Amino acid sequence: MALGQPRRSGLSDQVITQLRNQITSGEWPVGTRIPTEPELVDQLGVARNTVREAVRALAHNGLLDIRQGSGTYVVATSELAGVMHRRFAGSDPRHVAELRATLESSAARLAAERRTDRDLKQLDALLQRREEAWDARDAEEFVTVDAAFHHAVVVASHNDVLLEIYADLGHVLRAWLREDVGETLRPENHMDHTRLVEAIHAGDGERAATEAAGYPFMCLRVPKTEEPPKAEESLETREPSKARGSSKSPETPEP
C-alpha cells in the first residue's frame, strides 16, 4: 500500500489516518520498524513536525513504540490492543493465565461444536508446524506458531466478539509466552497439543475445553535465573517478587 500526499487541511489527522492504515492493513506488521522520519516526510510530502506529531499520537495510543537510537516500531494493530498491551504487560502471570484459560477453554468448546473442514485443516497444519519448530529448537518460531495455533482455535469458535477480544490481547499473551519459553527449548518441557486437536475433530466440546484450560497454567514456572525451591517449600510461601505465582514445580512443561 503506497502512501499518498494528504490534502493541506487537517494534515496531522490525515497523516495519522494513513499511518494507522499501514498498521491495521498489515503493511507494517507488529514488530517491524516503520520508515524513518525523513523517509515519511519524503513519502507524504508534509513537514517534519507534522510527521512527528502523527507518530507521537500513534505512540500515545499504543500502536507505536518510539525507541531512542533504534527507531519506531509497531507494537499493536489497534488502539484497544495498544491499551491492553500497556495495561497488562506487567501483570501477574497467574492472572494472565487465568484470563487465557477462560477465553481459550470457551473457544475450544465452541470450536468442537462449530469447526469447519477448513478450520480442521488449519489446526492440523499449525500443529505440525508447531512440532517442527520444537524439533528444530527454534524458540522464536515456536512462539510464533504456538500463538497462531491458539488463535486458530479461537477462529474455529466462529464467535466474532470472542475473536476480537482475543486478538486485542494477543500481543500481551505472545510477550508472556516468549518470556516463559526463553531462548532454549528443553525436551523435558514439551507440551503436546494433539489431544486438543483430536477433541475438536471429534466434536467433544467438554474434552476440548478441559484440554485448553489446562495449558496456560502448565506454562507457569520459576524464572530461569532462580534456583529451584527446596522440596518442602511451596511457591506460595515464597516472596511474591520471587515467584511466578504457580504451585507447580520448575519442571512443569512449557506450551
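Per chain, residue numbering runs from 1 following the sequence as it is written. Owing to the predicted nature of the model, reporting of local features is limited to residues with pLDDT of at least 70; listing and counting of side-chain atom pairs is limited to 80 or more, with chain, interface and lining totals taken over all residues. The side-chain figures draw on all heavy atoms in the structure; neither hydrogens nor water molecules are used.

1. What about the packing of aromatic side chains?
Here's step 1: Under the pairing criterion, centres of Phe, Tyr and Trp rings, with the six-membered ring standing for Trp, must be within 6.5 Å; the plane angle then separates stacked pairs below 30 degrees from edge-to-face pairs above 60, leaving the rest tilted. All chains considered together, the criterion is met by one aromatic pair.
Here's step 2: On the basis of an interplanar angle of 70° and a centroid distance of 5.2 Å, the ring pair of Trp134 and Phe142 is categorised as edge-to-face.
Here's step 3: When accessible area is computed with a 1.4 Å probe and restricted to protein chains, residues below 20% of their type maximum are described as buried, those above 50% as exposed, and intermediate ones as partly exposed. By relative accessible area, Trp134 is classed as buried at 3%.
Here's step 4: For Phe142, a relative accessible area of 0% translates into the label buried.
Here's step 5: Over the ring of Tyr73 we find Arg67, and its NZ or CZ is 4.1 Å from the ring centre. Think of it as a cone above the ring: NZ of Lys or CZ of Arg counts as a charge over the ring if it is within 6 Å of the ring centre and within 35 degrees of the ring normal.

2. A short note on the environment of Tyr166
Here's step 1: Only DSSP runs of H or I with at least four residues qualify as helices, and only runs of E with at least two residues qualify as strands; both kinds are numbered from the N terminus onward. Its location among the elements puts Tyr166 in helix 8 (residues 160–181).
Here's step 2: For Tyr166 and Arg100, which are 66 residues apart along the polypeptide, the C-alpha to C-alpha distance reads 8.6 Å.
Here's step 3: Residues within four places of Tyr166 in sequence aside, it is in contact with Leu103, Glu104, His150, His151, Val154 and Leu173.
Here's step 4: Contacts described as polar in this section are N or O atom pairs within 3.5 Å, which, within protein, must combine one atom able to donate a hydrogen with one able to accept it, while residues neighboring in sequence count only if both atoms come from side chains. There is a polar contact of 2.6 Å between the side chain of Tyr166 and the side chain of Glu104. Residues count as neighbours in contact if any of their non-hydrogen atoms are within 4.5 Å of one another.

3. Re the confidence of the model for the protein chain
Here's step 1: In the predicted model, the protein chain carries a mean pLDDT of 80, and the fraction of residues at 70 or more is 80%.
Here's step 2: Confidence of the predictor at the level of single residues is captured by pLDDT, which takes values from 0 to 100. Averaged over each element, pLDDT in the protein chain is lowest for helix 4 (residues 79–88) (73) and highest for helix 9 (residues 194–202) (97).
Here's step 3: Note that pLDDT drops below 50 for residues 222–255; the model gives that stretch 70 contacts with residues more than four away or on any other chain.

4. Brief notes about the layout of surface pockets
Here's step 1: In this analysis a 1.4 Å probe is tested at points of a 1 Å grid over the protein atoms alone, and where it fits but cannot get out there is a cavity; an open set with protein on both sides within 12 Å along at least five of seven lines is a pocket; lining residues have an atom within 4 Å of a point. Grid points are joined across faces, edges and corners, and a volume is the space filled by probe spheres set on the points. Looking at the second largest pocket, its volume works out to about 310 Å³.
Here's step 2: Lining of the second largest pocket is provided by 18 residues; of these, Thr36, Glu37, Val55, Ile66 and Thr72 occupy positions nearest its centre.
Here's step 3: Here the element with the most residues in the lining of the second largest pocket is helix 3 (residues 48–60); it accounts for four residues.
Here's step 4: Side-chain classes follow a simple rule in which Ala, Val, Leu, Ile, Met, Phe, Trp, Tyr, Cys and Pro form the nonpolar group, Asp, Glu, Lys and Arg form the charged group, and the remainder, Gly included, forms the polar group. Looking at the lining of the second largest pocket, its residues break down into seven nonpolar, six polar and five charged.

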